[in-house]
Amino acid sequence: MMQLLGAILRGLRARALLSAGSVLLTALAIGSAVLGPVFSEAVTNSYVVTRLQETPTGLTGLSRVFTPDTGIPLEQAERDAVAASESLTSGPWQEPVVTVLSERFSALRGVVTFWSRADACDHLEIEGRCPEKQGEVLMLTADAEANGAELGEPLRLPIYETPGTKALGLPRPGLSEVTVVGTYDTPGPGDGWLIPQRLTRTNEQTTINGGYTPYQPAPIITTDDTVTAMGGWTVRVDTPLDVPADLTPEQLDEAAAAALTVPSDTELEVEGGTLRKDDTNSLADVVDEVRFQQSTARSSIAPAVLSLVLVALALLMRLLNAASELRVPELALASLRGVTARRLWGLGLAEPLALLLIAIPVGAGFGLGLSVLLVRSWLVPGLPLPLPAASWIAAGLVLVAAFAVACVAVGLVVRESLASQLSGVRRPVAARRWSVIAQLTLVALAAATLVSKLSAGGPGEPDATDLVLPVLLAVVAGLAATRLTSVLATWWTGRSRGRSLSGFVSARAISRRQEGTLVILPITAAIAVAVFGAGVYDSAATWRTSVAATASPADTTWSTTLTVSEAVDLTRSIDPEGEWIMAAASATNPGANFSIVDSSRLARVATWPPTWSPDLDVDQVVDAIAPAGVVPTVQGKRLSLTIDNRADMDRDLAVEVRFGSRGGAPLKAYLGPFPEGEHTRTTRIPFCKDGCPLEGMTLGGGAGTNTAMSGTLRLLDIQVDGAPVEGGIEGAGWTPTPDPAVRTSITEMAESGGALDLTVDTGDSVGMARLTAGGITRDRPALAGPKVQDRAIAKLDEGYGLIPVDRVGEIEGMPFTGPSGLLVDYSSFITDRPVYDNLVTVRVLARAGAPTSVTEALAEAGLSVETTLAQERHVLDQSAYALALRLYGVVAALVLVMALAGLFVSAAVQLPARRRDAAALRVVGVPRASVMVAVVRELAVVLGSAALAGILAGSLAQWVVLRTITLGYADDPTTPALVAAISPLRLVVLALLAAAVFGTVALISASMTVRGARGATLRESAR
């Protein structure tokens, strides 16, 4: 036993480089097996925490309204409300927050509510002071301005009731006036309010079905006694979810169950009153998403870990095989001494088994250490490190596989005949039958897997084929490169007579030295896996950027209840130059949603990922959807038109001027009559004192009706308050109204000399000259997403939708609607046509670096921050998918390190044989330079073929897998598709790096080979 131990130690010392390399590769394989399950579970736990931390509190917290029994005082009702809510709540929750709510009152020309919360002023940005006495209130800044409130002055509440508000039958407040002592801005996320959007205003609106939404100021913040003095009241209990770093999926299940204890639309009888649900909690959906991502994260991590393990085992096989070949003399001597086959196997396996035993603690330590490093670097701070049993089971399986590799490596030597063992350098021989069958099986399996992936449908979760395809392609590419290199070298050797000596020597060395080409397979596999891993990681990162920009198409996205036109007016008044903010919106429509943008500001303000329009830059996108003209803006109190009437008409000419709509009601003004000749008429437009768009005009009979007309009409001037309207005629793009339902009398129309000339002729019938500004065509120019079907666009043309469109091109993504939308300019969408505000969700986008004056103006107008691009990207980067795919970057780096380590060890092992060959050439008179060039050529061909095969195999695997694998949560139709594109720049960079590294290895190896090639080398070998 001691003799065997001594032999093992002497062998490990004599082959120290091979021993160290084998321990390193075995440790990497074991460590990778430990890392996979640990990181998979840690990723899921981290995703639970980040998903909940980044989700709006309104979707994770509880909000319940307690209605007390008659006669219960306010203080007792608050205690009963908290007790009732807590009795139905279990799991990780924060302390409840109590708010007293008044009933809804008819006041301030709308619907008003009063709130009281003990610490309200601590969680609001206030100008003025906090209410202290009965009748003192805080109002939203925009509401205070709209109602003419002044700090410290009384504000009367029960003023004129609009018909729509009156129809609601709401009571008047108990106090007829209040004193506004301060104003506040709508709070943002994390400012201490469960649902910050509750503290904003709602403008008066008319819906598509004729419904009416009254003006609703933001909650008026006041004291408890003021709320009770107003009339009826209730108590709301808001309970935010507590999200510690060690939150587990099991605790999330408990919290989700607690959120369902109060059913929707149900009032539970509790002590002191009743309790009903008043929140938008969606923890159940989060739980389902976590479970889905948990399984997919494991599936996404598995290919990376499997690839890393297999590459490590392939390289380990190469090194153990080299070590066994160096031990051939020892084993041959043992055979000559009559050692039995069993003892010969024991002697051969003793050294590899010792290496495996050494590698076990090293590998376990490496796996745990790397797990700790990745968890601490990438995941939630404070997250506990899980140690699942699957890690140790996987490590055991890898150890068994490493033992099998050792057995194969030893068996290849032990099973050789004694004559072959004594022959010295191994020459290429015909492949054994089992080897040929195994190689053909691998090729067939790779081809079948490739065909199945190419014929697959849409993206889905990773499956077994996604796990094995990159490795299969890498192995097949390595085998093909090895065989092709040997065949070409043999062919070239036969054709090299009379050609360069160095070329002949290098080709002959490749064709006759088996060890030289054996390095191709593991290096090819390593490079292929590295290219695949880096490509998948980069593609997923690019995709996540696109998804984040869909949800937040600029640095900051503000939510608002303003209409599209009001949001445009607001952004242009706050930022006249259009450098920082813009209005944007989304509109729901069956089959094709609309993404509505202020295209004049899109390129400067919005974020536009290149994957959205690969063939167009953002300026070209703007040019494609921009209307032919600019709708002029009118700001003032009196409008004047000057018209030269040279037409024969049944009655005097009258003009209807259209200014869009406000609160669902169209804004119009009428001027006339305009008898024959040049005349100017003026009318009052009080609704345009703050500005409104001049969208259209109708020249005809009284009140814009049909009349007989024939001749010419010339619109000479448009003035407001005595000053010409800038862009009123020139640049306004006036066109006949593109509405087939309107009988137009216009036969010719042109702009000349700053005036608008119309030729009209109704013939024997009647008609009108109806005009629209902005160069609007009947079919608005729009860029369509790939998920918009032709049938949906045809339905729009037939009147089954919002507006008919002209598909001028196709793009992959766009703000808010992604690939399922139609991108249009806001002018095309709203100009001179009714817009139903309940179908449109409006936002304001702000680019990075927006001045404080701009953001403060938005907050004062009642807007609140909905999300940011950084927040959306952070949420996606912390998803289970993204965190799992980060491991691909680690795998790419590790396999390259393993490949380089294996290459250096292999080159060092082959150095003595190469020196003997070089010395033999030098003895017969071959110049030193020719020997040097021959060695460099040999290594360049071998390593170059490995690099080329690896890059091609990895790129093919990336392209195929990305076509069918889901690398993110993409069940929403607004989610952009994953672009399965190969980056040529990345491949060029990889090729240059490979050339630099392998070229350096070739030069160093050639230099060391020639430097030690002397006649003495041959004499030492002959001893």
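Colleague: Explanation requested: the overall build of the protein chain in the structure shown.
Modeller: A tally of regular secondary structure across the protein chain gives 29 helices and 36 strands. By the burial criterion, 52% of the 1023 residues in the protein chain qualify as buried. If you take every contact in the protein chain between residues at least 6 apart in sequence, the share linking residues at least 24 apart comes to 81%. For the protein chain, the accessible area works out to roughly 43700 Å², and carbon and sulfur atoms hold 57% of it.

Colleague: Help me understand the confidence of the model for the protein chain, please; the structure alone is not making it clear to me.
Modeller: In low-pLDDT segments, the atomic positions of the prediction should not be examined closely. Scored by pLDDT, the protein chain comes out at a mean of 81, with 80% of its residues at no less than 70. Every residue in residues 1019–1023 is under pLDDT 50, and counting partners more than four places away or in other chains gives one contact.

Colleague: Sorry if this is basic, but what is going on with the packing of helix α18 (residues 520–551) against helix α25 (residues 869–877) here?
Modeller: Each packed pair of helices is defined by two parameters, the angle between the axes and the distance between the axes. In contact at an axis separation of 8 Å, α18 and α25 are set at 135° when each is read in the N-to-C sense. With respect to each other, α18 and α25 are oriented oblique. α25 is crossed by α18, and the crossing has right-handed handedness. Residues Ala541, Arg544, Thr545, Val547, Ala548, Ala549 and Ala551 of α18 form the contact with α25, whose own contacting residues are Leu869, Glu872, Arg873, Leu876 and Asp877. Of the residues assigned to the contact of α18 with α25, the class counts are seven nonpolar, one polar and four charged.

Colleague: I would appreciate a short explanation of the pattern of salt bridges in the present structure.
Modeller: Pairs can form between side chains of opposite charge whenever their charged atoms are close. Tallied over the entire structure, the rule returns 21 salt bridges. Asp575 is paired through a salt bridge with Arg601; the nearest N and O atoms lie 3.7 Å apart. Residue Asp575 is located in the loop between α19 (564–574) and β17 (581–587), and its partner Arg601 is located in helix α20 (residues 599–605); the two are separated by 26 residues in the primary sequence. Residues Asp575 and Arg601 agree in their burial class; the two are buried. Across the pair Asp790 and Arg807 runs a salt bridge whose closest N-O atoms are separated by 2.2 Å. Here Asp790, found in helix α22 (residues 790–797), pairs with Arg807, found in strand β33 (residues 805–810); they are 17 residues apart in sequence, far enough to count as distant. The exposed category is assigned to Asp790, whose relative accessible area is 58%. According to the relative accessible area criterion, Arg807 is partly exposed, its value standing at 28%. One network of salt bridges, with partners in common, ties together Arg198, Arg236, Asp238 and Asp278.

Colleague: Please explain a negative patch on the surface as it appears in this structure.
Modeller: Taken together, Glu125, Glu127, Glu145, Asp191, Glu856 and Glu860 make up a surface patch of like negative charges. Among the secondary structure elements, Glu860 is positioned in helix α24 (residues 852–860). Take Glu860: its relative accessible area is 33%, and that puts it in the partly exposed class.

Colleague: Hey, could you run me through the side chain of Ser820 in this one?
Modeller: Mapped onto the secondary structure, Ser820 falls in the loop between β33 and β34 (821–825). With a relative accessible area of 10%, Ser820 lands in the buried category. From its side chain, Ser820 meets the backbone oxygen of Thr817 in a polar contact 2.8 Å long.

Colleague: I'm lost on the state of the cysteines in this one. Help?
Modeller: Any covalent bond linking the sulfur atoms of two cysteines counts as a disulfide. Applying the stated criterion to the full structure yields two disulfides. The disulfide partner of Cys121 is Cys130, and the S-S distance across this bridge is 1.9 Å. Between Cys121 and Cys130 the disulfide shows an S-S torsion of about 80°. By sign, it is right-handed. Among the residues examined, Cys130 registers a relative accessible area of 31% and is labelled partly exposed.

Colleague: Please clarify how the environment of Leu900 should be interpreted in this entry.
Modeller: Here Leu900 lies in helix α26 (residues 880–923). When the C-alpha positions of Leu900 and Val997 are compared, they lie 8.8 Å apart, and in sequence the two are 97 residues distant.

Colleague: For this particular structure, what's the right way to read the sheet that holds strand β32 (residues 780–784)?
Modeller: Adjacent strands of a sheet pair through backbone hydrogen bonds, lying either parallel or antiparallel. Pairing is mixed across the open sheet formed by eight strands, whose spatial order is β33-β32-β34-β18-β17-β35-β16-β36. Strands at the two margins of the open sheet, each flanked by one partner only, are β33 and β36 (864–868). Each strand of the sheet is rotated relative to its neighbour by a mean of 30°, with strand direction disregarded. Examined bridge by bridge, β32 and β34 share two bridges and lie antiparallel to one another. Counted as the bridge partner of Ala784 is Leu822 from β34.

Colleague: Just checking my understanding: could you explain a nonpolar patch on the surface for this structure?
Modeller: A contiguous nonpolar patch, built from Leu454, Leu956 and Trp959 and spanning about 250 Å² of accessible area, is present on the exposed surface. Note that Leu454 resides in helix α14 (residues 433–454). With a relative accessible area of 36%, Leu454 lands in the partly exposed category.

Colleague: Hey, could you run me through unusual backbone geometry in this one?
Modeller: A negative phi angle characterises most non-glycine residues, just as the trans form characterises most peptide bonds. Note the cis peptide between Gly672 and Pro673, where omega equals 0°. Within the fold, Pro673 resides in strand β22 (residues 665–674). Of note, Phe816 is a non-glycine position whose phi angle comes to about 70°, a positive value. One can find Phe816 in the loop between β33 and β34.

Colleague: Would you take a moment to explain the side chain of Thr557 for this structure?
Modeller: Examined against the element boundaries, Thr557 turns out to sit in strand β16 (residues 556–559). Sequence-distant contacts of Thr557, defined by excluding residues within four places in its chain, comprise Ala551, Ser552, Arg843, Val844, Leu845, Ser864, Val865, Glu866 and Thr867.

Colleague: Explanation requested: the pairing of strand β18 (residues 593–597) in the structure shown.
Modeller: If a strand is regular, its side chains alternate between the two faces of the sheet. Most of β18 is tucked away: four of the five residues are buried. As paired strands, β17 and β18 are joined by four bridges and run antiparallel to one another. Within β18, the position partnered with Ala585 by the bridge is Ile596. For β18 and β34, the ladder comprises five bridges, and the chain directions are parallel. Bridged to Ile596 within β34 is Val824.

Colleague: Is there a simple way to think about the packing of aromatic side chains in this case?
Modeller: Each aromatic ring pair is characterised by the separation of its centres together with the angle its planes make. Within the structure shown, the criterion is met by six aromatic pairs. Plain terms: the ring middles of Trp115 and Trp193 are 6.3 Å apart, the flat faces sit at 35° to each other, and that makes the pair tilted. Within this pair, whereas Trp115 is found in strand β5 (residues 114–116), its partner Trp193 is found in the loop between β9 (177–184) and β10 (205–206), the two being separated by 78 residues in sequence. The burial state of Trp115 is the same as that of Trp193; both residues are buried. When the ring of Phe594 is compared with that of Phe829, the centres are 5.6 Å apart and the planes differ by 55°; the resulting orientation is tilted. Of the two residues, Phe594 is situated in strand β18 and Phe829 in helix α23 (residues 826–830); the sequence distance between them amounts to 235 residues. The exposure class of Phe594 is buried, given its relative accessible area of 0%. A residue is classified by how much of its surface remains accessible, and Phe829, at 1% relative accessible area, is buried. The ring of Trp193 has Arg117 sitting right over it, with the charged end atom 4.3 Å from the ring centre. The ring of Phe674 carries Arg681 above its face, with NZ or CZ at 5.9 Å from the centroid.

Parameters at a glance
- Residues numbered from 1 in each chain as written.
- Predicted model: local features only at pLDDT ≥ 70, side-chain atom pairs only at ≥ 80, totals over all residues.
- Heavy atoms only, no water.
- Helix = DSSP H or I, 4+ residues; strand = E, 2+ residues; numbered from the N terminus.
- Buried < 20%, exposed > 50% of the residue type's maximum accessible area, 1.4 Å probe, protein only.
- Contact = heavy atoms within 4.5 Å.
- Areas by Shrake-Rupley, 256 points an atom, 1.4 Å probe, with all protein chains shown as cover.
- pLDDT = per-residue confidence, 0-100.
- Axes fitted to C-alpha atoms, helices over the stretch in contact; angles between N-to-C directions.
- Parallel < 35°, antiparallel > 145°, perpendicular 65-115°, else oblique.
- Left-handed = near helix turned anticlockwise from the far one by under 90°.
- Nonpolar A, V, L, I, M, F, W, Y, C, P; charged D, E, K, R; others polar.
- Salt bridge = Lys/Arg side-chain N within 4 Å of Asp/Glu carboxyl O.
- Patch = residues over 30% accessible without salt bridge, like charges linked within 9 Å, V, L, I, M, F, W, Y side chains within 5 Å.
- Lys, Arg positive; Asp, Glu negative; His and termini not counted.
- Charge placed at Lys NZ, Arg CZ, Asp CG, Glu CD.
- Polar contact = N/O pair within 3.5 Å; in protein donor to acceptor, adjacent residues only side chain to side chain.
- Disulfide = S-S within 2.5 Å.
- Pairing = 2+ DSSP bridges.
- Phe/Tyr/Trp six-rings, centres within 6.5 Å; stacked < 30°, edge-to-face > 60°.
- Lys NZ or Arg CZ within 6 Å of the ring centre and 35° of its normal.

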